[in-house]
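Residue-level listing of the chains:
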Amino acid sequence: MNNQNQRRDFIKTSAILAGGMILQPFGMPGAYASGTDQIKLAVIGCGGRGTGAVFQAFDTGHNIKLVAMADAFRDRIDKSYTPIFEKYGKDKVDVPEDRKFVGFEGYKEAIKLADVVILASPPGFRPDHFEEAVRQGKQVFMEKPVAVDAVGIRKVLAAAEEAKKKKLNVVVGLQRHYQDNYRETIKRLHDGAIGDIVGGQVYWNDGGVWVNPRQPGQTEMEYQMRNWYYFNWLCGDHINEQHVHNIDVANWVKNSYPVSAYGTGGRQVRTGKDHGEIFDHHSITFTYADGTVIFSECRHFPGAANRVDESFQGTKGKVYMSAGNHGNITDYKGNSIYSHNRENNPNPYQVEHDELFAAIVKGEYKFADAENGAKSTMTAILGRNATYSGKVVTWDEALNSEISLMPDTLAWDAMPKVLPNADGYYPFAIPGKTKVI
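Values in this document were obtained by computation on a predicted structure and should not be read as measured data.

Trainee: Describe the overall build of the protein chain, listing the residues and the values that go with them.
Mentor: Within the protein chain one finds 14 helices and 17 strands. For the protein chain, whose C-alpha radius of gyration is 21 Å, the value lies close to the compact-globule estimate of 22 Å for 437 residues. With the principal axes as the frame, the protein chain shows a C-alpha extent of 60 × 60 × 40 Å. The burial tally for the protein chain puts 57% of its 437 residues in the buried class. For the protein chain, contacts bridging at least 24 residues in sequence account for 75% of all contacts bridging at least 6. Element-wise, carbon and sulfur atoms account for 51% of the exposed surface of the protein chain, whose accessible area totals about 17,400 Å². In the protein chain, 50 positive and 52 negative side-chain charges are present, and the distance between their average locations comes to 2 Å.

Next up, the structure:
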């Protein structure tokens, strides 16, 4: 991939990445045209995020009915179905037993029954689920990140092109693109409020997430899937699963993607048998084509100082942003250029659904987030490759890698590629030794 062409393509489609696109009718006969036809919804992946996305779809106020659910585990479907049905009832929820699909292949059947699909399974499955939804001609909301390795990224990019051809709306859950302070602040940056961006820092530092202890009788496949956050074939490490939000903001601000990455990382405090193979900290410098360096840091250290935000410096000033509705631009003397009004800002998790379903109801083709979702996910993977290997890794090397993290077979008695040793510990990357390309 030529990075100059990639940069030109990004700039040409920057309006898409912010959530806007020239409106075109997608021409689905009869459906949605009058704003009164019912929209059939399926959710693939019934954890907290999938359940929350269904709530948000219903809260758009449109005539939406949940008609199918799919998850690898039956208990996750049940835990999701109960609160959805209790809140919205049979008028909006019609998922009988024969439309609750359990296992690795159920997503295909659930997608068949829907007009719009929510893809919220662990990210390792996202490329196949997105490819199938596009193949079947469905409108899509899919969570970030959209893959865990370059093989999956290339599949998502190919499906994104097909979605554009079919004029299928695709929204990706990088919700800062649907958050007022980010939209308003970054618009001003693109209009030159602080001149050329010459540097920046992005952070996701917090205490970490849940652990599900191994249970008697679990196969290795089930154990890893129950603890998907700690295995790269399912999660891609926390730089990919969480920090992708902040890395995506850097790409958005720069109107580009990095050409290389260099960094360090490891396992300092999260080192137990139940912590799989992922690192607990990553520190990376991403270099862009114009020489700009963005520093990226993420860590899971309980008891340490938390920080989740983004800062950038330009030739004429600087900006600070965070998900807490901050968006402050100043010059280097401290004079305010722009300060975002934080009052009554809508919830971006809701806005992304509000805008998606409004377009669908109107018969408009408006959202094509998948390409940026894939390339920002690829940026996180590039960073992981740099910290795991300890080497400078270029964008082209990372994107063209043929290393697939996914198991050769998806079945409860099949084995993932990473397995514990005799003492129950999983192998993890050793910088300077681990091959990532």
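Picking up after the structure, the text goes on.
Trainee: Go over the pairing of strand β13 (residues 318–322), please, and point to the residues and values.
Mentor: Of the strand pairs in this sheet, strand β12 (residues 307–314) and β13 are connected by four bridges, and their pairing is antiparallel. Note on β13: the bridge partner recorded for Glu310 is Met321. Hairpin connection from β12 to β13: three residues lie between these consecutive antiparallel strands. Pairing of β13 with strand β14 (residues 326–330), which is carried by five bridges, proceeds in the antiparallel orientation. Of the residues in β14, the one forming a bridge with Met321 is Gly327. Counted along the chain from β13 to the antiparallel partner β14, the turn is three residues long, and its residue Asn325 has a positive phi close to 70°.

Trainee: Would you mind going over the packing of aromatic side chains in detail, with residue names and values included?
Mentor: Taken as a whole, this structure holds 18 aromatic pairs when the rule is applied. Aromatic pair Phe55 and Tyr88: ring centres 5.4 Å apart, planes at 85°, arrangement edge-to-face. Taken together, the residues span a long stretch of sequence, with Phe55 in helix α3 (residues 48–58) and Tyr88 in helix α4 (residues 74–88) at a distance of 33 residues. Accessibility expressed as a relative area gives 16% for Tyr88, which makes it buried. Ring centres of Tyr203 and Phe295 lie 6.3 Å apart, and the angle between their planes is 65°; on these two criteria the pair is classed as edge-to-face.

Trainee: How would you sum up the pattern of salt bridges? Please name residues and give values.
Mentor: Counting across every chain of the model gives 26 salt bridges. With a closest N to O distance of 3.9 Å, Lys417 and Asp408 form a salt bridge. Connected through salt bridges with shared partners, the residues Arg74, Asp78, Glu97 and Lys100 form a single ionic network.

Trainee: Explain the environment of Asp128 to me, and be specific about the residues and the numbers.
Mentor: Secondary-structure assignment places Asp128 in helix α6 (residues 126–135). Classification of Asp128 by relative accessible area gives partly exposed; the value is 30%. In the structure, Asp128 is positioned 27 residues away from Lys155 in sequence and 7.8 Å away in space, judged by C-alpha atoms. Excluding residues that lie within four positions of it along the chain, Asp128 makes contacts with Tyr107 and Lys155.

Trainee: Outline the side chain of Ser260, supporting the account with residue identities and numerical values.
Mentor: With respect to the helices, strands and loops of the structure, Ser260 is situated in strand β9 (residues 260–266). Residue classification places Ser260 among the buried residues on the basis of a relative accessible area of 15%. Sequence-distant contacts of Ser260, that is, excluding residues within four places in its chain, are made with Thr285, Phe286, Thr287, Leu382, Val392, Val393, Thr394 and Trp395.

Analysis parameters
- Residues numbered from 1 in each chain as written.
- Predicted model: local features only at pLDDT ≥ 70, side-chain atom pairs only at ≥ 80, totals over all residues.
- Heavy atoms only, no water.
- Helix = DSSP H or I, 4+ residues; strand = E, 2+ residues; numbered from the N terminus.
- Rg over C-alpha atoms; globule rule 2.2 N^0.38 Å.
- Buried < 20%, exposed > 50% of the residue type's maximum accessible area, 1.4 Å probe, protein only.
- Contact = heavy atoms within 4.5 Å.
- Areas by Shrake-Rupley, 256 points an atom, 1.4 Å probe, with all protein chains shown as cover.
- Lys, Arg positive; Asp, Glu negative; His and termini not counted.
- Charge placed at Lys NZ, Arg CZ, Asp CG, Glu CD.
- Pairing = 2+ DSSP bridges.
- Phe/Tyr/Trp six-rings, centres within 6.5 Å; stacked < 30°, edge-to-face > 60°.
- Salt bridge = Lys/Arg side-chain N within 4 Å of Asp/Glu carboxyl O.

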